[in-house]
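Descriptive structure summary
Each chain is listed here by its residues.
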Amino acid sequence: MQFSRNVHLCLNPPMLFDTVSGGKDRRSGLILTIPLCSEQTSMEELSTTLDYLLSIPSEKCKARGFTVIVDGRKSQWNIVKTVVLMLQNVIPAEVSLVCVVKPDEFWDKKVTHFCFWKEKDRLGFEVILVSANKLTRYIEPCQLTDEFGGSLVYDHMDWLNKRLVFEKFTKESTSLLDELAVINESEAGSQPDKDRPLDGNFLPSFDPETVLQTGHELLSELQQRRFNGSEGSTAWSPMDDELLAQPQVMKLLDSLREQYTKYQEVCRQRSKRTQLEEIQTKVMQVVNWLEGPGTEQLRTQWGIGDSTRASQALQQKHEEIESQHSEWFAVYVELNQQMAALLSAGDEEDLAELKSLQQQLSDVCYRQASQLEFRQNLLQSAHEFHGTAQDLSQQLDGLLGMLCADVTPTDGAAVQQTLKHLEEKLKSVEGALQGLREKGQILLDQISNQTSWSYGKDIVIKNKENIDHIQSVMEDMQLRKQRCEDMVDVRRLKMLQMVQLFKCEEDATQAVEWLGELLDALLKTHVRLGDDAQETKILLEKHKKFVDVAQSTYDYGRQLLQATVVLCQSLRCTTRSSGDTLPRLNRVWKQFSVTSEERLQRLEMASAFHTAAEKILTGCSEQSETSVDLEVYEEVEAVGKSLLDRLTVPVIFPDGEQYFGSPSDMASSAEHIRDRIKLVEVRRLQQEEANCEFYKHLV
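The model shown is predicted, which means the values in this text are computed figures rather than measured ones. (Residues numbered from 1 in each chain as written. Predicted model: local features only at pLDDT ≥ 70, side-chain atom pairs only at ≥ 80, totals over all residues. Heavy atoms only, no water.)

Looking now at the overall build of the protein chain. Check the secondary structure of the protein chain and you find 19 helices and seven strands. Partitioning the intrachain contacts of the protein chain with sequence separation of at least 6 by distance along the chain shows that 82% fall at a separation of at least 24. With the model as given, the accessible surface of the protein chain reaches about 38200 Å², and the carbon-plus-sulfur share is 51%. (Helix = DSSP H or I, 4+ residues; strand = E, 2+ residues; numbered from the N terminus. Contact = heavy atoms within 4.5 Å. Areas by Shrake-Rupley, 256 points an atom, 1.4 Å probe, with all protein chains shown as cover.)

Structure follows, in structure tokens:
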């Protein structure tokens, strides 16, 4: 700090500006300039400044001596004398010549001359008084600055700033070298002790990078000024290497770089050890949490819930646990990357420890992640199982409601549709029950394969309750399905009976319609009575067959209606149509019976008429003809007339009457009968005439 104080003395006017400008005398000795001012000058400060300036040159340079220029042009003689005498005490051996530059108004020549002449032997150097323009007699002009009429370019403030930078660099680099040496030696001596805590004095007082940068800038500036100074492009002329301190700067920089390189290696080793310790600490934090609270969380979460909502709640709880684990897994990933980086660039002595830490951390994390995944899969399977059970329960409830509801179908098609829907429901229930069994078995297999939550500890997981619950749900669903299946069987039988009932009613109604159609056909199309006995006989045979068909239809309808009565009794219900169908069937059958009987009577009468008429009309001989009794003719005529009368009479029903065929059809049949009757009458007349002739002949 003494140098800083001296420098400030030099920087603040009107203090002295003692300088070493770089100029040299004729003996190659350095020129030291002491400018004096009119104000009081502190000899102590001047002495200190001279001591500092004289400490700059090397011993070789000092041996060549100094030429001191005391500029007294602005000072008093007694001050100049004091300064000259002081030089004897400060630098007596190094001073060879003292040039006192006198002012224009000269001091007392006699006093000043004899004073220095008398003290020459005692002082040890020569003192001369000289004007500024006469200094060139003793010193070359090129070695003098412009204030003494010389041509030497020199900027004292620039030189002073460089000296300040140099002194600052020297001080900081020297202190930094000492500190780095202590740190490096201390670290080298304690390197085997890895558990030693970090020393608070590990960081140096100065930033090595900053000090090195300052030194390089200083050296570059000094070298640049040395090479460019002679070109006159700067305001400062270079000195010798000793004054510019380039060797010292270079030496300090070399030493500093060496120590700093060692320090960087020390820092790298310490940083690596610190990083390794931090990694180890974090690894143990992760391992301790996963094997402690993390494992405890999973160990306490063993249930699977008893419903879909409960399993969802457990899944949400598991997601929270996974979220907590994710934070530690993220730390694991970061630590694993750090350890991988250290393993790729680590020392042999650290590889084993790092690998052990990495393996331990990976084992714990993967083990815990596997447990989390297993728990997640277990809960997902439980959720699917409960969801399937819930769906199956709803299907069973729907099927049971369908079975318990009264069946009131309107027709057989509706019954068939309802039965089909019932069968589809039952099939869907069977499929859902099969799916429940499969999911339940998967869940049971997962539970049976469940390992201990804790590592290396025998802890019994409460799985019996879960297994009992799963089996209970499946057994309950099986029983409910069996009950519904039994009810479906009963309902199926009932609905099949209802289908049969509707079928019987429909067929009975169809029988009534068929019988009505037969009646209608009998009345409208069964009109002809035949043109002769043979045709009438054929019509009689057809009529009997026609009646047999009607009888079968009637009997079939009666049987169907009897079956509906039995089915209604079995179903415990009253039919909606059989009560109306039976009277209709009986009424139509009654009408058919009356009509068919009338038709039979007419055909029989026609047959008798045609047979008798044909006997009369187709006689083979006169004997047979004459043997025909008159009563036969009368009978034929009577039958024919009765038949004609019957054709005009309608069929009488309990609720009305109906004619056979159309009037034209009846007229045609009647006309044919009348023709036959006429032929018979003609034959009768012929026979009567023949008889008369016969009787006449006999007579």
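What follows deals with the pattern of salt bridges. Within the structure shown, the criterion is met by 17 salt bridges. Glu 172 serves as the salt-bridge partner of Lys 168, at 2.6 Å between the closest nitrogen and oxygen. One end of the pair is Lys 168 and the other is Glu 172, both in helix H7 (residues 156–189) and four residues apart, which spans about a single turn. Given the relative accessible area of 13%, Glu 172 is considered buried. With its nearest N and O atoms 3.5 Å apart, the salt bridge here joins Asp 531 to Arg 528. (Salt bridge = Lys/Arg side-chain N within 4 Å of Asp/Glu carboxyl O. Buried < 20%, exposed > 50% of the residue type's maximum accessible area, 1.4 Å probe, protein only.)

Let's shift gears to the packing of helix H10 (residues 246–300) against helix H11 (residues 308–345). The interhelical angle for the contact between H10 and H11, taken along N-to-C directions, is 155 degrees, at an axis separation of 10 Å. Considering the angle they form, H10 stands roughly antiparallel to H11. Once H10 is placed against H11, the crossing between them reads as left-handed. Counted together, Lys 272, Gln 275, Ile 279, Lys 282, Val 283, Gln 285, Val 286, Trp 289, Leu 290, Gly 294, Gln 297 and Leu 298 of H10 and His 318, Ile 321, Gln 324, His 325, Trp 328, Phe 329, Val 331, Leu 335, Gln 338, Met 339 and Leu 342 of H11 form the full contact between these two elements. Looking at the contact of H10 with H11 residue by residue, the classes come out as 13 nonpolar, eight polar and two charged. (Axes fitted to C-alpha atoms, helices over the stretch in contact; angles between N-to-C directions. Parallel < 35°, antiparallel > 145°, perpendicular 65-115°, else oblique. Left-handed = near helix turned anticlockwise from the far one by under 90°. Nonpolar A, V, L, I, M, F, W, Y, C, P; charged D, E, K, R; others polar.)

This brings us to helix H19 (residues 663–698). Between its first and last C-alpha, H19 extends 52 Å over 36 residues, near the 52 Å set by a 1.5 Å rise per residue. Every buried residue of H19 is listed here: Met 666, Ser 669, Ala 670, Ile 673, Arg 676, Ile 677, Val 680, Arg 683, Arg 684, Gln 687 and Asn 691. (Expected span 1.5 Å × (residues − 1).)

Let us now look at the packing of aromatic side chains. If you walk through the whole model with that rule in mind, you get six aromatic pairs. Between Phe 546 and Phe 592, the aromatic rings sit 5.8 Å apart at their centres with planes inclined by 40 degrees, giving tilted as the arrangement. With Phe 546 in helix H15 (residues 533–571) and Phe 592 in helix H16 (residues 578–617), this pair connects stretches of sequence that are 46 residues apart. Among the aromatic residues, those joined into a cluster by ring pairs are Phe 546, Tyr 554, Trp 589 and Phe 592. (Phe/Tyr/Trp six-rings, centres within 6.5 Å; stacked < 30°, edge-to-face > 60°.)

Mapped onto the elements of the fold, Arg 676 is located in helix H19. Of note is the side chain of Arg 676, whose polar atom sits 3.4 Å from the backbone oxygen of Asp 531. If we ignore the near neighbours within four places in the chain, the residues touching Arg 676 are Asp 531, Asp 532, Phe 609, His 610, Ala 613, Glu 614 and Leu 617. (Polar contact = N/O pair within 3.5 Å; in protein donor to acceptor, adjacent residues only side chain to side chain.)

Tracing the chain through its elements places Val 182 in helix H7. Relative accessible area serves as the criterion here: at 54%, Val 182 is assigned to the exposed category. Expressed as a C-alpha distance, the spacing of Val 182 and Pro 204, which sit 22 residues apart in the sequence, is 10.0 Å.

Moving on to the pairing of strand S2 (residues 30–35). Of all six residues making up S2, five are buried, and the element is well covered by its neighbours. Bridge count for S2 against strand S3 (residues 66–71) is six bridges, and the pairing is parallel. Opposite Ile 34, over in S3, you have Val 70 as the bridge partner. (Pairing = 2+ DSSP bridges.)

Attention now goes to the confidence of the model for the protein chain. Detail in the predicted coordinates should be disregarded across regions flagged by low pLDDT. When the pLDDT values of the protein chain are averaged, the result is 77; 82% of them are 70 or greater. Every residue in residues 229–238 scores below 50 in pLDDT, and together they form 24 contacts with partners more than four places removed in sequence or on other chains. (pLDDT = per-residue confidence, 0-100.)

Structural remark: α-helix, 3.6 residues per turn; residues separated by three or four positions point the same way. End to end, H11 covers 54 Å across 38 residues, agreeing with the expected 56 Å (1.5 Å per residue, within 8%). For H11, the set of buried residues is Thr 308, Ser 311, Leu 314, Gln 315, His 318, Ile 321, His 325, Phe 329, Tyr 332, Leu 335, Met 339 and Leu 342.

Time to look at a nonpolar patch on the surface. Side chains of Phe 694, Tyr 695 and Leu 698 sit close together on the surface and give an oily, nonpolar patch of about 360 Å² of accessible area. Take Leu 698: it is sitting in helix H19. (Patch = residues over 30% accessible without salt bridge, like charges linked within 9 Å, V, L, I, M, F, W, Y side chains within 5 Å.)

Glancing now at the side chain of His 543. With respect to the helices and strands, His 543 occurs in helix H15. Discounting chain neighbours no more than four positions away, the residues touching His 543 are Leu 522, Ser 596, Arg 599, Leu 600 and Leu 603.

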